[in-house]
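# Survey of secondary and tertiary structure
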Amino acid sequence: MLTRRKALALGAGLLATPYVTRARAQSPYRIAQILYRGQTEVEAGFSDYLAQRGVPVDLIEFNANLDPSRVPDIVKEVKALKPDLVYSWGTPNTIATFGRYDDVDPDKNITELPGVFTMVSAPVASGLVPTRESSGRNITGTSHVVPAEPQLRAMQTYKPFERLGVLYTSNEPNSLAIVANVKELGDEMGFTVVERTFPLGADGKPDGTAAKRLVEELAGEGAQWLYYLPDTFLSRQMADVTPTATALGVPGFSAAEAMQGDALVSLISRYYSVGQLTGYKAEQILVDGIAPAAIPIETLKRFALVINMKMARELALYPPLAMLNYANILRDE
């Protein structure tokens, strides 16, 4: 069985030679991938891991195209397909696919097939699993978000603050869970959270046209940083959020790789490495025959601190010299 040390070594690019497994003598394992916005670096890391490990797979792609309401129909197709493993990307997709741990409907959710999820920010707080130690059912997976406390401390190290601005989507379970956690940490660390949510239309979908106004309101209430959560809808509004915040002199801190170009500072898990860790869990299920409930839900142990020097110059907020000793520098394109 692959050890945790070897799995992390692969994430660092140190394990390059595939080993021979019983999978080599079999036809490819069929993995149905329920994606949220098509192929990402996560899927590249996932497939590369399995290829390097000599695990033959046939990846069957389904794409929700940014609309989780499409997932129930995809689930019906996947159930009829009966793959060896079901892979889901992101919290909305994963909850629609497997259900919350205390609210599973065998007619609507996949229960009979093993599953592995990825890019779920808050698997416990969102209700997907009861604990990270075990899902208690036929799924396991990975989370990509660095815990909030080290992110907040990185912000304080770069530029101390007393008021933290947060803009998020009220119907994204991950965002609700993270904001609640940040408020608790604010009580402990001595800062106040100033928050705004995107307005929802009659169809329940958020309205991105309000982004500029909401950022202005957060700045007007004294926000000294904007904390960019791994909020899927927010990530698609950065063309309005970033220039508005920059013009107002409010730096951004990103919790997701997708928004590192829009933030002054980011503390992130690399998507490719998250995909590799997810591939390791798929290997445990398919090759080693381990029940998903016996495989813990994990986050990478090593993160990347990224400083956007272009943004630093625009804001005239340069990093502490000590931080440059361990940060990755994002320079001008």
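Before any of the text, the structure's been laid out above.
Calculation rules
- Residues numbered from 1 in each chain as written.
- Predicted model: local features only at pLDDT ≥ 70, side-chain atom pairs only at ≥ 80, totals over all residues.
- Heavy atoms only, no water.
- Buried < 20%, exposed > 50% of the residue type's maximum accessible area, 1.4 Å probe, protein only.
- Helix = DSSP H or I, 4+ residues; strand = E, 2+ residues; numbered from the N terminus.
- Pairing = 2+ DSSP bridges.
- Right-handed = clockwise from strand over helix to strand, strands pointing away.
- Axes fitted to C-alpha atoms, helices over the stretch in contact; angles between N-to-C directions.
- Left-handed = near helix turned anticlockwise from the far one by under 90°.
- Contact = heavy atoms within 4.5 Å.
- Nonpolar A, V, L, I, M, F, W, Y, C, P; charged D, E, K, R; others polar.
- Salt bridge = Lys/Arg side-chain N within 4 Å of Asp/Glu carboxyl O.

## Structural notes on the pairing of strand E4 (residues 115-118)
Here E4 shows two buried faces, one formed by Gly115 and Phe117 and the other by Val116 and Thr118. By the bridge criterion, four bridges tie strand E3 (residues 85-89) to E4 in an arrangement that is parallel. Its bridge partner being in E4, valine 86 is matched across the sheet by glycine 115. For the handedness criterion, the β-α-β arrangement of E3, helix H4 (residues 91-98) and E4 is classed as right-handed.

## Brief notes about the packing of helix H7 (residues 211-220) against helix H9 (residues 238-247)
Interhelical geometry of H7 versus H9 gives an angle of 30° and a closest axis separation of 8 Å. Between H7 and H9 lies a crossing whose hand is right-handed. Note on element contacts: H9 touches H7 through Asp240, Val241, Thr244 and Ala245, opposite Ala211, Lys212, Val215 and Glu216. Residue composition of the contact of H7 with H9, by class: four nonpolar, one polar and three charged.

## Considerations on the pattern of salt bridges
According to the stated counting rule, one finds 11 salt bridges in the structure shown. Residue arginine 53 pairs with glutamate 283 through a salt bridge whose shortest N-O separation is 3.2 Å. Highlighted residues: arginine 53 in the loop between helix H2 (41-52) and strand E2 (57-63) and glutamate 283 in helix H10 (residues 271-286), separated in sequence by 230 residues. Owing to a relative accessible area of 7%, arginine 53 belongs among the buried residues under this scheme. Residue lysine 183 pairs with glutamate 195 through a salt bridge whose shortest N-O separation is 2.5 Å. Of this pair, lysine 183 sits in helix H6 (residues 173-189) while glutamate 195 sits in strand E7 (residues 192-197), and the two are 12 residues apart along the sequence. Overlapping salt bridges, with partners in common, bring together Arg196, Arg213, Glu217 and Glu221 in one network.

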